[in-house]
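Fold and geometry: a report
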Amino acid sequence: MEKLELIGEILPGLSVRDERFYLGITGFSRQPSRRERMEKEELLRLRREYGDPRGLMRKKIALVGSLLRKGGKLLDVGCGTGELIEAVSGFHDFVVGIDVSNSCVEFCKARLRHLSGVEIIHASADDIGWLFRREVFNVCTVLDVLEHLQDPRSVLKGIHEVLLNRGQIVVTCPNWYDKIEIAARRSPHVRSFSSFGWKKLLEKSGFQCRTVRAVGFPVLDVEPFAKYLHVLGMCVVIVAEKT
């Protein structure tokens, strides 16, 4: 199936102008704004963190990839530098990544241009409910996104609408330690919960949690701690299902 046909399946009616926009054909050049410069800096930071083979980000991507269901259509919310999409795209029929950062979108399009079953869209997580058709995705990944949102429950409800029945969602978020950084104004995040708090948020949004665990421990980083003492881990990973 051609890419435009696949996009037509997930987006509710496109004009020729829309198609050109979503495929990244249009564009313009000008001096970068302050926000664009900040986006570039964030992009470089992400590249450095993902470039560390022993770092938390690499461990997180490997774990999430192992937990994902294979096949069907996948939506990656906050696709960043495209690390996850590059790792798992071969296991899915079609993958859509969205990000609010123009810099990340441009980077992903260039990085993933050799993958025919991938589409990258510049959009906010708040747009999901109206941007895509209802019940079209089999799997949705939301890695390190919810903590940045003023209303994460609203975004989760939008994801619930676009997932198929029994569709899978995989979420990663910082654990409760992040509250300290937010209180000290050393973090760009606006929301923080413990692993139990994130689990409760997903359940209130219509999901049934199947797995709650952690990645990374401050002292002793071993698998039993990640599974059974997840409230003490640095990063929370939750696998849930639409009910």
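Everything in this summary refers to the structure shown in the same document. Sequence order as written defines residue numbering, which begins from 1 separately in each chain. Under the rules for a predicted model, residues below a pLDDT of 70 receive no local features and side-chain atom pairs below 80 are neither given nor counted, while totals for whole chains, interfaces and linings still include all residues. By convention in this description, side-chain values take in all heavy atoms of the structure and omit both hydrogens and water.

**Looking at the overall build of the chain**
By definition, any uninterrupted DSSP run of H or I lasting at least four residues is a helix, any uninterrupted run of E lasting at least two residues is a strand, and each is numbered from the N terminus. What the chain contains, in helices and strands, is eleven helices and seven strands. Buried residues in the chain amount to 47% of all 243 residues. Taking all contacts inside the chain whose residues are at least 6 apart in sequence as the whole, residues at least 24 apart take part in 69%. Each residue is assigned to one of three classes by its accessible area relative to the maximum for its type, calculated with a 1.4 Å probe on protein chains only: buried under 20%, partly exposed between the two thresholds, exposed over 50%. Contacts between residues were defined by any pair of non-hydrogen atoms, one from each residue, lying within 4.5 Å.

**Focus: the sheet that holds strand S2 (residues 94-99)**
Taken in spatial order, the seven strands of this open sheet run S3-S2-S1-S4-S5-S7-S6, and their pairing is mixed. In this open sheet, the two strands that pair with only one neighbour each are strand S3 (118-122) and strand S6 (207-215). Going across the sheet, the axis of each strand differs from the next one's by a mean of 15 degrees, ignoring polarity. Pairing between two strands requires that DSSP report at least two bridges joining them. Examined bridge by bridge, strand S5 (residues 163-174) and strand S7 (residues 235-242) share seven bridges and lie antiparallel to one another. By the bridge assignment for S7, valine 171 is matched with isoleucine 238. Helix axes are fitted to C-alpha atoms over the stretch in contact, other axes to C-alpha atoms as well, and angles between N-to-C directions run from 0 to 180 degrees. Relative to the sheet, helix H10 (residues 195-204) contacts S5, S6 and S7, its axis offset from that of S6 by approximately 160 degrees.

**Observations regarding helix H4 (residues 56-67)**
The first and last C-alpha atoms of H4 sit 17 Å apart over twelve residues, in line with the 16 Å expected at 1.5 Å per residue. Within the sequence span of H4, burial applies to Met57, Lys60, Ile61, Leu63, Val64 and Gly65. To estimate the expected span of a helix, count its residues, drop one, and scale the result by 1.5 Å.

**Some details on a positive patch on the surface**
A cluster of basic residues, Arg153, Lys157, Lys200 and Lys204, forms a positive patch at the surface. Residue assignment for the positive patch shows that the elements contributing at least two residues are helix H8 (152-162) and H10. Along the chain, arginine 153 falls in helix H8. For arginine 153, a relative accessible area of 33% puts it in the partly exposed group. Patch members must show over 30% relative accessible area and no salt bridge, and they are joined within 9 Å when carrying like charges or within 5 Å when they are nonpolar side chains of Val, Leu, Ile, Met, Phe, Trp or Tyr. What sets the accessible areas is the Shrake-Rupley method with a 1.4 Å probe; for residues, cover comes only from the shown protein chains. Salt bridge, as used here, is a side-chain nitrogen of Lys or Arg placed within 4 Å of a carboxyl oxygen of Asp or Glu. The sign given to each residue is positive for Lys and Arg and negative for Asp and Glu; His and the chain ends receive no count. For charged residues, the charge sits on one atom: NZ in Lys, CZ in Arg, CG in Asp, CD in Glu.

**Some remarks on the side chain of aspartate 76**
If you trace the backbone, aspartate 76 turns up in strand S1 (residues 73-77). No salt bridge is formed by the buried aspartate 76, whose closest oppositely charged neighbour, arginine 111, lies at an N-O distance of 9.9 Å. Apart from the residues within four sequence positions on either side, aspartate 76 is in contact with Leu84, Ile85, Val96, Gly97, Ile98 and Thr141.

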